Amino acid sequence: ASSFARMFVQVCLYFYCKCLWRCLKFVVRKLTGQCELQRICYNTKPGAARTMKIEASLKGSKSKRLQTSVNVHPDAIEKTIDDIMELKKINPDINPQLGVSLQACLLQIVGYRNLIAEVEKLRREPYDSENPQHEEMLLKLWKCLKPNSPLKARISKQWCEIGFQGDDPKTDFRGMGLLGLYNLVYFAEWDTEIAQQVLTDSLHPKYSQLSKAEWEKKKFDKAIGYSFAIVGINITDLAYNLLVSGALKTHFYNVAPEAPTLTHFQQTFCYLMHEFHKFWIDEDPLDIMEFNRVREKFYKRILRQLQNPEMALCPHFAASESLINM
């Protein structure tokens with residue numbers, strides 16, 4: 001009986017707050033002469049704070065047309081903006097900047113949803129050693145990471161030198177499919193110097209770029225290494241979970257002036273790989289069996305950072321200046 005009463009009170013409170021909120025919005029609109037979308041666009045600077053408020057406002061609207069506007073095809077966004085302006089009785093000639101701001105926000109919102117679909121498709125596609133494109137990408141990974149050490153054979157123990165578990169890497173991609181390979185190749189090809197340094201440090205952590213005095217100060221005499229490629233696939237899983245959960249909206253809405261793309265996701269992976277490597281060294285684990293503990297702690301730290309609406313994980317990939325004027 002007590003649980004029923006508690007549930008009844010919660011339901012009543014929900015409807016009361018919902019009605020109260022709608023009444024409050026109505027009063028504010030009458031006082032300001034602006035709808036909620038206008039107030040958000042005019043009073044919140046571009047980026048995650050604005051886009052997430054717009055997204056919440058559209059999803060929480062009593063109008064089905066507004067609710068579904070976050071799910072339209074990118075080609076239909078301009079028409080959707082016109083529909084929103086008409087529904088809200090906003091004159092686009094008097095409020096030209098509103099349409100531009102809404103369009104930028106919708107491109108980010110719709111783009112994030114489409115990015116999830118694209119990433120999911122790659123994750124579900126298994127590595128196929130009979131596919132020439134898959135094989136070409138795998139060989140490119142080796143060439144980027146070990147340019148001065150030719151691969152003697154496709155099936156070789158040499159793969160262990162870049163952190164695969166056996167003599168044929170195809171079995172290591174099961175969890176993340178092609179997505180794991182795509183990310184590793186992107187890191188090795190576009191952030192080559194850092195990727196090679198992280199690989200070297202993962203194999204010989206005692207000989208990283210830290211000075212001898214710094215190693216002694218941090219007591220890194222045991223300095224446990226890890227398998228570079230396997231960790232890369234694991235960090236791909238971490239990035240995937242951040243994306244699907246919506247946690248990466250903060251970052252992407254701050255760095256992508258319009259729709260976030262697979263490249264933004266791969267740049268984020270590069271950042272996470274580099275940061276995890278530093279985090280692993282700082283944690284100074286007793287052995288590789290502590291990997292899951294360190295990974296979980298790292299994951300929670302990234303989640304905390306992403307709770308800040310101003311957060312951009314990779315500031316050097318920041319949005320273009322044109323975003324400032326939207």
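Because the structure is predicted, anything quoted here is derived from the model rather than measured. (Residues numbered from 1 in each chain as written. Predicted model: local features only at pLDDT ≥ 70, side-chain atom pairs only at ≥ 80, totals over all residues. Heavy atoms only, no water.)

### Some thoughts on the overall build of the chain
What the chain contains, in helices and strands, is 14 helices and zero strands. Within the chain, the proportion of its 326 residues that are buried is 45%. Long-range pairs, those at least 24 residues apart, make up 67% of the contacts in the chain between residues at least 6 apart in sequence. Of the roughly 17,800 Å² that the chain leaves accessible, carbon and sulfur atoms contribute 56%. (Helix = DSSP H or I, 4+ residues; strand = E, 2+ residues; numbered from the N terminus. Buried < 20%, exposed > 50% of the residue type's maximum accessible area, 1.4 Å probe, protein only. Contact = heavy atoms within 4.5 Å. Areas by Shrake-Rupley, 256 points an atom, 1.4 Å probe, with all protein chains shown as cover.)

### Quick look at the packing of aromatic side chains
Summed over all chains, the structure comprises 16 aromatic pairs. Relative to Phe276, the ring of Tyr226 has its centre 6.4 Å away and its plane inclined at 65°; by these criteria the two rings are edge-to-face. Note that Tyr226 is positioned in the loop between α10 (212-218) and α11 (228-245) and Phe276 in helix α13 (residues 262-283), a separation of 50 residues in sequence. There is no split in this pair, since Tyr226 and Phe276 are both buried. Centroid distance Phe276 to Trp280: 6.2 Å. Interplanar angle 35°. Geometry classified as tilted. Of this pair, Phe276 and Trp280 both sit in helix α13, four residues apart, which is roughly one turn of the helix. (Phe/Tyr/Trp six-rings, centres within 6.5 Å; stacked < 30°, edge-to-face > 60°.)

### A closer look at the nonpolar core
Counting 85 residues, the largest nonpolar core has Ile54, Leu102, Leu141, Leu181, Leu242, Phe265 and Leu272 as its most contacted members. The residue makeup of this core includes at least three contributed by each of domain 1 (34-121) and domain 2 (125-307). For Leu272, the residues in contact, after removing those within four places along its chain, are Ile235, Leu238, Ala239, Leu242, Phe298 and Ile302. (Core = buried A, V, L, I, M, F, W, Y, C linked by side-chain atoms within 4.5 Å. Domains from an automatic or database assignment.)

### Examining helix α8 (residues 177-190)
Taking 1.5 Å as the rise per residue, α8 with 14 residues should run 20 Å; its terminal C-alpha atoms sit 21 Å apart, in good agreement. Counting buried positions along α8 yields 11 of 14 residues, so the element is predominantly enclosed. Among all positions of α8, only Gly177, Leu178, Leu179, Gly180, Leu181, Asn183, Leu184, Val185, Tyr186, Phe187 and Ala188 are buried. Lining the buried residues of α8 we find α6 (96-124), α7 (132-145), α9 (192-203), α11 and α13. (Expected span 1.5 Å × (residues − 1).)

### As for the packing of α7 against α8
Between α7 and α8, the shortest axis-to-axis distance is 9 Å and the interhelical angle comes to 35°. α8 is crossed by α7, and the crossing has left-handed handedness. Contacts between α7 and α8 involve His134, Met137, Leu138, Lys140, Leu141, Cys144 and Leu145 on the former and, on the latter, Leu178, Leu181, Tyr182, Leu184, Val185, Ala188 and Glu189. Grouping the amino acids of the contact of α7 with α8 by side-chain chemistry returns 11 nonpolar, one polar and two charged. (Axes fitted to C-alpha atoms, helices over the stretch in contact; angles between N-to-C directions. Left-handed = near helix turned anticlockwise from the far one by under 90°. Nonpolar A, V, L, I, M, F, W, Y, C, P; charged D, E, K, R; others polar.)

### Overview of the packing of helix α2 (residues 36-43) against helix α3 (residues 48-59)
Relative to each other, α2 and α3 sit at 175°, their axes nearing to 10 Å. With respect to α3, the axis of α2 lies roughly antiparallel. The segment α2 lies against α3, with Glu36, Leu37, Ile40 and Cys41 engaging Arg50, Lys53, Ile54, Ser57 and Leu58. Residue classes in the contact of α2 with α3 are distributed as five nonpolar, one polar and three charged. (Parallel < 35°, antiparallel > 145°, perpendicular 65-115°, else oblique.)

### With respect to the environment of Ile162
Locating Ile162 in the fold gives a position in the loop between α7 and α8. You can call Ile162 buried: its relative accessible area is 0%. In this structure the C-alpha to C-alpha distance between Ile162 and Ser227, which are 65 residues apart in sequence, comes to 7.2 Å.

### Looking at the confidence of the model for the chain
In low-pLDDT regions, the fine details of the predicted coordinates are not to be read closely. Looking at the chain, the pLDDT average stands at 87 and 83% of residues meet or exceed 70. Segment residues 27-31: pLDDT under 50, and six contacts once partners within four positions in sequence are set aside and those in other chains are kept. Within the model, pLDDT remains below 50 along residues 317-326, and this stretch shows 20 contacts once partners closer than five positions in the same chain are excluded. (pLDDT = per-residue confidence, 0-100.)

### Quick notes on helix α5 (residues 77-87)
Inspection of α5 places Ile77, Thr80, Ile81, Ile84 and Met85 among the buried residues, and these make up the whole buried set. End-on, the buried residues of α5 take up no more than an arc of 140°, which puts them together on one face. Opposite the buried face of α5, by more than 90 degrees, sit the exposed residues Glu78, Lys79, Asp82 and Glu86. The positive-phi residue at the C-terminal boundary of α5 is Lys89, with phi of around 55°. (Arc of directions from axis to C-beta.)

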